Amino acid sequence: MTAPLLWVAAAAWLAAAGLGLGATRAPLLWAADLASAAGGLACLVGGVLLAMSGRATSAVLGRGDIVGSLGLRATPLAGAFLVLLGVVTLAIGFYAPRYHSPGRGTAAYVCVYNLAVLASLAVLVAGNVTTFLVAWESMTLACTLVILRHHRQRGVGHGAFLFLALGEVGFVMVIAAFVILATHAHSLDLSVIAARAGDIPLAWRSTAFVLALVGFGFKAGLVPLHIWLPAAHPVAPADGSAFLSGLIIKLGVYGIMLFAFVLLSHGPSWWGLMTMAFGVVTAVVGILYAVVERDLKRFLAYSSIENVGIIVSAVGASMLFTSHHRPLLGAFLLVVALYHVVNHGTYKALLFLEAGVVEHASGTRDIDRLGGLVHGMRASSVIALVGTLGIAALPPLNGFVSEWMLFQGLFQGFRVHSHVIGVLILLGAAVLGLTAGLAVFAFARAFGTAFLGMPRSAGAANAREKGQPIFGPGLLAAACVALAIGAPAVLIALDHVVRGVTGVQLRPVLLVSNLTIIPAHKNFSALSPTYLAVFLVAVSLAPLAIYAASRPRGATRRVPVWDGGIVSYKADMQYTADTFANPVRVMFERLYRPDIRIDRASDDPAGRSGPVHYHSKVQPLFERYLYRPIVRFVEGVARRLQWIQSGNINQYLLYILIVLIVVLLIYAW
Amino acid sequence: MSDLTPNQTEAGAPAQGGGAVATGENVTWRRLQPRVRVTRIDAGRLPGLIHELAKGARARLADLFGAIENGQLVLRAVYAFDEEGEYLVVEWLVDGKEYPQLSDVAPAAFLEECEVYEQFGVRPHGGKMLNRVVVPPHAQAFPRIGAAPKHEAREVHAPHLVAGEVIEFPFGPVRAVGQESIYMGLVTSGEEVIDLYLLQWHKHRGIERRLQGLTPAQALFFVERTEGLSAVGNTLAFCRAAESIAGSEVTASVERTRGVALELERLYNHAAAVAAIAQSTGLSVGQAQAEIALEKFLRLNVAAASHRYLFGLLAVGGVQRSLDSEAVTEQLPGALAELHRVSEALMTTNSFVDRLEACGVVTADAAKRLGLVGPVARASGQDFDCRRDHPVAPVINSTSGVPVRTGGDVLSRMEVMLGEVEESSRLIAELIGAGLGAAEETAEPVAGSALGWCESSRGEALVWLTLDDAGRIARARLRPASVRNWRAFDDAARSRNVFTDVPIIEASFWLTVAGLAR
Amino acid sequence: MALWFIRGLARRRVTTRFPAVIDPWVRTLPSPPTFNSSLLTLTVADKLVECCPSRALSHDERWLVFDVGACTSCGTCQRVVPEATGVSGVFELAARTSAQLLRRFPLQVGDR
Amino acid sequence: MTGVTVRSGGDEGQLAARLEHNIHTLFGRSLYVRTIDTGSCAACESEIRLLLAPHYDLQRLGIFFTPAPRHADVLMVTGPVIRAMEVALRKTYDAMPDPKLVVAVGACPLGGVYDDDEFAWGRLDRVLPVDVYIPGCPPSPLALLQGLLLATGRLAVKIDHVSFEVHLEATK
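Residues numbered from 1 in each chain as written. Chains lettered and ligands numbered in written order. Predicted model: local features only at pLDDT ≥ 70, side-chain atom pairs only at ≥ 80, totals over all residues. Heavy atoms only, no water.

Colleague: What's the story with the overall build of chain B in this structure? I'm lost.
Modeller: Counting secondary structure elements, chain B contains 17 helices and 17 strands. Its C-alpha atoms give chain B a radius of gyration of 22 Å, near enough to 24 Å, the size a compact globule of 518 residues would have. Each principal axis of the C-alpha distribution contributes one length, and for chain B these read about 65 × 60 × 45 Å. Counting across all 518 residues of chain B, residues that qualify as buried make up 65%. Taking contacts inside chain B between residues at least 6 apart in sequence as the whole, the part at least 24 apart equals 66%. Carbon and sulfur atoms form 54% of the exposed surface of chain B, whose accessible area is close to 16,000 Å². Each charge class in chain B can be summarised by its mean position, and for the 51 positive and 65 negative side chains these summaries are 3 Å apart. (Helix = DSSP H or I, 4+ residues; strand = E, 2+ residues; numbered from the N terminus. Rg over C-alpha atoms; globule rule 2.2 N^0.38 Å. Buried < 20%, exposed > 50% of the residue type's maximum accessible area, 1.4 Å probe, protein only. Contact = heavy atoms within 4.5 Å. Areas by Shrake-Rupley, 256 points an atom, 1.4 Å probe, with all protein chains shown as cover. Lys, Arg positive; Asp, Glu negative; His and termini not counted. Charge placed at Lys NZ, Arg CZ, Asp CG, Glu CD.)

If you want it as structure tokens, here you go:
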């Protein structure tokens, strides 16, 4: 039943791409986006059914003779990702028409965007290596064009270039990994490779896994491969970066899961350890840079890096537990990873869409020049608050449930026999705990400074949400709440997926009778997200109702906030994003290495009190100390090899001759 | 360097004299009163003299103020030569709208230059930025001593043009309970104090303008209430100025009474400072014990001079009431024992001492540059004390032991204060031993000007008094020690301190806003 | 035995009413002056009103009005006219209206 | 700035206008005090700080100091209400919830030291309705305590019939 739905989705997106081309006029723009939304809905339903079914359905599309057939195979693992793809595109479908104004640029953009969505679908349902690689490359190219929407603005070229360059480096590694597996398994079909993975020598399997991890890591944004994320997201249009962050990153994670669980399922324990280490480092570095970031979209980009780190560390932990004869915990952590993929996809896409709304309404993305948006943009603020509560993992929303399950899983590291691994897992849990704490701090800072308080600039003061898209983000907010309250249902679906992938029967130790979740072992701990959400809200509303009922009816006197009695409390006396993040900046000074410039009037000998300018800039550590040397080395090598391209024909003919001779020798040998 | 013979005794009429004040600059000065010489110089040669005095590093700019004398604006800069124990008053006439700039050479003069601009409308050369001192932002026609300037100096609104990743955290004017009203603009990047500036126009009562036209005896009522916690210090300087004009001298026994009153005031102020430091560092037990000592000192004041803060004790030409020396000898040891018990306990508590170390550092050169006085200066290595360096005849309390520290932080200031408590208790015993008198000679009114000074508990308090021939005040310039030492407060707060250090630094300075705003 | 009981025995006055004995130092606190209306002639009243630095005194034909609130207990009037003034010894003078702080003393109208 | 300006002479604060027993019920229990210095010479401030000292210890009477006017019941005002400080005074007064009391501390706010001129209002009741006047320069902590107890109505009965004159004869 899922295959036709997926075909419908693909067709809808293709139609949307076609209609998009004509989106120079509003009706056609609306039509294209609604078609894209319809495709999203179809994909959503298809993904759910696929996940629930637990069986893979495959279809072969034509017999290409050169590189094998264009085989499609929708595995249950892809089901979770299809659901996410559906939700995100559905929301963006309703968001885009009000966000973009019809015109030639928008037309090209809508078409390219729908092609990118189509390519992502192709990646998820690719059955054999060639389809996967073709779909992957077309997805990367389409996304580069998505980023290039406002190509005339500053920084857009740089962002797109970084995305493409790192994407290509990653792609080469992915090809290498697939080639190793395909040559050893003598087949291009993924299911065949999966079946024959057992008898590939360990050395080759390890190289393939590492290549896949790093290759897909580029796309997922694992540190230190992450630098395209903060460069590309701010310049892409809001729905573009929502799609990028909501889904494209998850395709990287899908690739890692594909290699970790499907193709090379039973690897040695150091695979899991390395993956978990990669994930934990990514999470911490991501959130540390997020805390001090002032640009709203760059902040969300770093937060995406952090969440990818959490997902990959969950995947790593799952591999670790499985390789240490703890399949139940392994399966449980895989469920956690998938659940976090869906969660993060929803609230991160929501936050990016809201960032777009904020940027359009107030004309700036700099948190320090926003403030007081809640007065002018009530609905958007509520939706952003739901997203913030979600991503900051605060009860009762879905972020809290997935973070709780992750920690319950990691805290059972003691069940592993080898104490070293147990300690390392708990160490990872500790670092993820720090990350979770900093995440709450970072999002309190971002939401508080941008939405609450007094407006710090004219743009923020008269930001209104008239004409801004509300339904799209609202849908995602509803999705967040649904994912929290309906967590048991979602986990049942994900349990089917995991049974499909790893064959472990997790159900009895995952969901106890009355909507309560337990982490893979009975008497360890339990949580019922449904009851939590319902009762938390009820418990908080009850006293409010009592107070409202019994409040004295006397005239309430409104007085300005107490400010120590100064003549007038001005907006720029409020705490800004930087001063709020100062404790973290001071504690992690080693990582930030800020270069601080202070000039004050009171430094002159007479000590006049007057203007103060304080400028501190956080150093981009990875760009400066990792990438710049590599780039400089590559450019140096390139310069030395300049003589090859001398430009005279005879030299080129000579090259051809040499190559011919070499080929003959090889063949003869 | 300078041929100022220290105790050039000229009795009677002020002698004319000449001589190089500083090397190479031949300046004619006239003896105004013992230990004070005046030199009138025309504005042209002023910069040279200022450079000479600043280069010599022996002169300390104590005050700069203006006065309207027969229709002309005269600016006076008071230089103190602490080694020689002499004051030099440099006068010059200002006819245009500008006068030579002092604050670049002697930074201590900056606040006074701003005040001169506000009160007389003349600004120093160089067009440098001036700050507002006492004129509130929303004041309509604000009364001035001289002429109001065409347009007011900037720097009156908060926030203070702050840019980049800092905000100005508004602290004040209504601060903690029992704290005086002053606005502190804390420029911070989150926790660390990047810059701090003060707005002190909330408490300006225009005392100097109010004194014009009163007789010195009537003016005493207001001089006492400019700075309640240094009532004796400021009134003593005022009375000495009035007595110098009249040329009368107080008998030794009456001067001893005044000396004992001054030391009693110093004792209770230092006890209050110890209590404030203990409170600001959170030691409520230490604070309670110090407050017991403070209360005992105040009850000692009541027993001795029937006023808890020694108001209404001094008078021009003597003392209004006698000081009950039996009460002092009987109650003083008890109060001092209480204070010793607290300071012993505090100074041996490592957590307390560590908290004060390197907190609110005022470097020696900042103390010299800003012309600080009193315990704050002595804690930064400036070894001068008016009682020893500028004793006033009849010399009764030229104390020898002046505690000096070089740390410049809160701990050094506390050590200096505790050292001064020992010194004062020894001095009181010595003075009471020699017998206290209670007399008040009222001299007939004489025209003239004079400088009065004394070492109040916060440092050197200066008063310049000009009486007209009817004996009424033509110009009274009050410069309590608070005016001088508040200048170093933002310097101390800026040296790598965080928010919680500001109250500790303020407690260690133990100044009053009333004395600053006047 | 309760501490307050022992302390009471030592002071020869056992009481639970607090404070039974007023601290002796309280008597030396400055307190507003009192005026002996039998000696208050117009000239004395004029001298008193003129010498008071805090303008607490004012008088008309028949009454000398003394505003206790404005008085700073500086003692000037006691020095200027010692015979007509005395020390009230009362320093707890809180009042709920400024009218309660106004004291009227009759002037001796007869002899000018 | 919606301050309450009461022209001269009008000193009918809430306390005087209310019935006695009502005051005790309103402020009889624990009381929160906020102080504001509108130009004092720092002696009154020192006496107010001493109210927390062991000798006087306000808190044993259930009276506490609070920095936030939002939680304060009583505003103790020192200083002759300098005009530059009037904005801060009104903001503090407005920031306090009703019912609230104003206590004028020392001779300055009672018109003793400074008169009504360009610098200062001279009397506090020209700016705010004053409930309790505490004379003295500075009023000793005991006088302040008596003023606060009067404000809370605990002394209302005791002080009423012991008027000042009677006290006068007793001590002559």
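Colleague: Please clarify how the packing of helix 10 (residues 238–263) of chain A against helix 13 (residues 327–362) of chain A should be interpreted in this entry.
Modeller: The angle between the axes and the distance between the axes are what describe a pair of packed helices. Residues and elements named next belong to chain A. Relative orientation of the contacting elements helix 10 and helix 13 amounts to 165°, with a least axis distance of 7 Å. In terms of their interaxial angle, helix 10 and helix 13 are classed as roughly antiparallel. As for how helix 10 packs across helix 13, the hand of that crossing is right-handed. Contact residues: A238, D239, S241, A242, S245, G246, K250, V253, M257 and F261 in helix 10; L334, A337, L338, V341, H344, G345, K348, A349, F352, L353 and G356 in helix 13. Classifying every residue of the contact of helix 10 with helix 13 by side-chain character gives 12 nonpolar, six polar and three charged. (Axes fitted to C-alpha atoms, helices over the stretch in contact; angles between N-to-C directions. Parallel < 35°, antiparallel > 145°, perpendicular 65-115°, else oblique. Left-handed = near helix turned anticlockwise from the far one by under 90°. Nonpolar A, V, L, I, M, F, W, Y, C, P; charged D, E, K, R; others polar.)

Colleague: Would you mind showing me how to read the interface of chain B and chain D here?
Modeller: How big an interface is tends to be expressed through the accessible area that disappears when the partners come together. Contact with chain B, which involves 43 residues of that partner, is made by 40 residues of chain D. Both sides of the chain B and chain D interface together cover about 3,400 Å² of buried area, and 63% of this is carbon and sulfur. Of all residues in chain B, V174(B), V177(B) and G178(B) bury the most surface against chain D, accounting for 17% of the area lost on that side. Linking chain B with chain D are three salt bridges, by the criterion used here. Ionic pairing is found between K203(B) and D37(D), a salt bridge with its closest N-O pair at 2.7 Å. Only helix 3 (207–211), helix 4 (216–224) and helix 7 (284–305) of chain B provide two or more residues apiece to the side of chain B that touches chain D. Among the elements that line the side of chain B that touches chain D, the one with the most residues is helix 7 of chain B, at seven residues. Taken together, the residues of the side of chain B that touches chain D break down into 20 nonpolar, 11 polar and 12 charged. (Buried area = accessible area lost by both parts, 1.4 Å probe. Salt bridge = Lys/Arg side-chain N within 4 Å of Asp/Glu carboxyl O.)

Colleague: Where do I start with the nonpolar core in this structure?
Modeller: Side chains of nonpolar character tend, in soluble globular proteins, to be buried together. L85(A), F132(A), F178(A), F243(A), M257(A), L338(A) and M405(A) are the most contacted members of the largest nonpolar core, which has 212 residues in total. For this core, the element with the most residues is helix 13 of chain A, which contributes 22 residues. In this structure, M405(A) is in contact with F332(A), V335(A), V336(A), Y339(A), L491(A) and I517(A), ignoring residues within four places of it in sequence. Within the second largest apolar cluster, 132 residues are counted, among which are I207(B), A219(B), V274(B) and L310(B). (Core = buried A, V, L, I, M, F, W, Y, C linked by side-chain atoms within 4.5 Å.)

Colleague: What's the story with the interface of chain B and chain A in this structure? I'm lost.
Modeller: Of the residues lining the interface, 41 residues belong to chain B; the matching set on chain A comes to 34 residues. Approximately 3,100 Å² of surface area, both sides summed, lies buried where chain B meets chain A, with 56% of it carried by carbon and sulfur atoms. Linking chain B to chain A there are one salt bridge. A salt bridge links R294(A) to E165(B); the shortest N-O distance between them is 3.1 Å.

Colleague: I keep staring at the sheet that holds strand 5 (residues 102–106) of chain C and nothing clicks. Help me out?
Modeller: Pairing between the strands of a sheet is mediated by backbone hydrogen bonds and can be parallel or antiparallel. Residues and elements named next belong to chain C. Judged by pairing direction, the sheet is antiparallel, and its three strands sit side by side in the order 2-3-5 without closing on themselves. At either end of the open sheet lies a strand with only one pairing partner, and these are strand 2 (57–59) and strand 5. Neighbour to neighbour, the strand axes of the sheet diverge by 25° on average, direction disregarded. Where strand 3 (residues 63–67) lies against strand 5, five bridges are found, and the strand directions are antiparallel. Looking at strand 5, one finds that W63 is bridged to P106. Docked against the sheet, helix 2 (residues 42–51) engages strand 2 and strand 3, running at close to 145° with respect to strand 2. (Pairing = 2+ DSSP bridges.)

Colleague: Help me understand the environment of G371(B) in this model?
Modeller: Residue and element names in this part refer to chain B. Tracing the backbone shows G371 in the loop between helix 10 (364–369) and helix 11 (374–378). Residue class for G371 comes out buried when judged on its relative accessible area of 3%. Sequence separation of G371 and V498 is 127 residues, and the distance between their C-alpha atoms is 26 Å.

Colleague: I tried to follow the environment of A62(B) on my own but got confused; where do I start?
Modeller: Residues and elements named next belong to chain B. The residue A62 is located in strand 4 (residues 59–69) in this model. By relative accessible area, A62 is classed as buried at 0%. Separated by 369 residues in sequence, A62 and L431 have C-alpha atoms that sit 29 Å apart. For A62, the residues in contact, after removing those within four places along its chain, are V78, Y79, E460, L462, R479 and R484.

Colleague: Explanation requested: unusual backbone geometry in the structure shown.
Modeller: With the exception of glycine, the majority of residues adopt a negative phi angle, and the majority of peptide bonds are in the trans configuration. Of note, the amide linkage connecting G172(B) to P173(B) takes the cis form, showing an omega dihedral of -10°. Inspection of the secondary structure puts P173(B) in the loop between strand 10 (167–171) and strand 11 (183–188). The omega torsion across D98(D) and P99(D) is -15°, close enough to zero to call that bond cis. With respect to the helices and strands, P99(D) occurs in the loop between helix 4 (86–95) and strand 4 (101–105). In this model, L310(B) sits at a positive phi of 55°, which is unusual for a non-glycine residue. Here L310(B) lies in the loop between helix 7 and strand 13 (314–315). Even without glycine at this site, S73(C) takes up a positive phi of about 50°. Inspection of the secondary structure assignment puts S73(C) in the loop between strand 3 and helix 3 (76–80).

Colleague: Looking at this model, I keep getting lost on the side chain of E506(B). Mind explaining?
Modeller: Residues and elements named next belong to chain B. Among the secondary structure elements, E506 is positioned in helix 16 (residues 501–509). Judged by its relative accessible area of 14%, E506 falls in the buried class. Of note is the side chain of E506, whose polar atom sits 2.7 Å from the side chain of R175. Apart from the residues lying within four places of it in its own chain, the contact partners of E506 are R175, Q179, M184, W486, F489 and L511. (Polar contact = N/O pair within 3.5 Å; in protein donor to acceptor, adjacent residues only side chain to side chain.)

Colleague: Hey, could you run me through a nonpolar patch on the surface in this one?
Modeller: Taken together, the side chains of L654(A), L657(A), I658(A), I661(A), V662(A), L665(A) and I666(A) present a nonpolar region at the surface, about 650 Å² in accessible area. Under the relative-accessibility criterion, L665(A) is labelled exposed at 57%. (Patch = residues over 30% accessible without salt bridge, like charges linked within 9 Å, V, L, I, M, F, W, Y side chains within 5 Å.)

Colleague: Help me out: how do you make sense of the confidence of the model for chain B in this one?
Modeller: As a note on interpretation, predicted positions should not be read in detail where pLDDT is low. All names here are of chain B. Chain-level pLDDT for chain B is 87 on average; 93% of the residues reach the 70-or-more range. Mean pLDDT per element in chain B: strand 1 (residues 16–22) is the minimum at 51, and helix 11 is the maximum at 95. Below a pLDDT of 50 lies the segment residues 1–14, which in the model reaches 20 contacts outside its immediate sequence neighbourhood of four places, other chains included. Complex prediction metrics read pTM 0.87 and ipTM 0.86. (pLDDT = per-residue confidence, 0-100.)

Colleague: Would you take a moment to explain the pattern of salt bridges for this structure?
Modeller: Should their charged atoms come close, side chains of opposite charge can pair. This structure, assessed with the given rule, holds 66 salt bridges over all chains. K296(B) is the partner of E338(B) in a salt bridge, and the nearest nitrogen-oxygen pair spans 3.3 Å. Pair noted here: E338(B) is in helix 8 (residues 325–347) and K296(B) is in helix 7, with a separation of 42 residues, a long-range link. Residue K296(B) is classed as partly exposed on the basis of its relative accessible area of 34%. Salt-bridge contacts for R90(D) lead to E86(D); the nearest nitrogen and oxygen are separated by 2.9 Å. Here R90(D) and its partner E86(D) are both found in helix 4, four residues apart, which amounts to about one turn of the helix. E86(D) shares its class with R90(D); the two are buried. A single network of salt bridges, built from pairs that share partners, joins E263(B), R266(B), R378(B), D385(B), R387(B), E420(B) and E455(B).

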